Amino acid sequence: MLDAVIAIFIMFLANLLITFSRSRLQGIGRKVLSSIAFLLLLPAFLFALRAVF
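Since the structure is predicted, the reported quantities are computational estimates derived from the model, not experimental observations.

The rules behind each value
Within every chain, residues take consecutive numbers counted from 1 along the sequence as written. Given that the model is predicted, a residue must reach a pLDDT of at least 70 before its local features are reported, and side-chain atom pairs must reach 80 or more before they are shown or counted; all residues, however, enter totals for whole chains, interfaces and linings. Excluded from the side-chain calculation are hydrogens and water; included are all heavy atoms of the structure. Put simply, DSSP marks the helices as runs of H or I at least four residues long and the strands as runs of E at least two long, and each gets a number from the N terminus on. For a compact globule the rule gives 2.2 Å times the number of residues to the power 0.38, and the radius of gyration it is set against comes from C-alpha atoms. Burial classification: accessible surface area is computed with a 1.4 Å probe over protein chains only, and a residue below 20% of its type maximum counts as buried, one above 50% as exposed, and the rest as partly exposed. The contact definition used throughout considers only heavy atoms, calling two residues in contact when any of these lie within 4.5 Å.

Undergrad: Help me understand the overall build of the chain in this model?
TA: If you tally the helices and strands in the chain, you get two helices and zero strands. The C-alpha atoms of the chain give 12 Å as radius of gyration, which overshoots the globular expectation for 53 residues (10 Å, by more than 25%). Across its three principal directions, the C-alpha atoms of the chain cover 40 × 15 × 10 Å. In the chain, which comprises 53 residues, the share counted as buried stands at 17%. A sequence separation of at least 24 residues applies to 57% of the contacts in the chain between residues at least 6 apart.

Here it is as structure tokens:
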């Protein structure tokens, strides 16, 4: 149960980073935050898999 909550929180954080970077930033800052958000999806996926099995 806790793993699912952690996965949801990480996905929510990634969504906030993408939204912020696309609405407020441009150039290299936008790419850096988008890359960080993309990399956050890997642990979210792993926590979600752990919650299922």
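Undergrad: Quick question: what am I supposed to make of the environment of Leu33 here?
TA: Along the chain, the position of Leu33 falls in helix H2 (residues 28-52). In this structure the C-alpha to C-alpha distance between Leu33 and Leu17, which are 16 residues apart in sequence, comes to 6.3 Å. Not counting chain neighbours up to four residues away, the residues in contact with Leu33 comprise Leu17, Phe20, Ser21 and Leu25.

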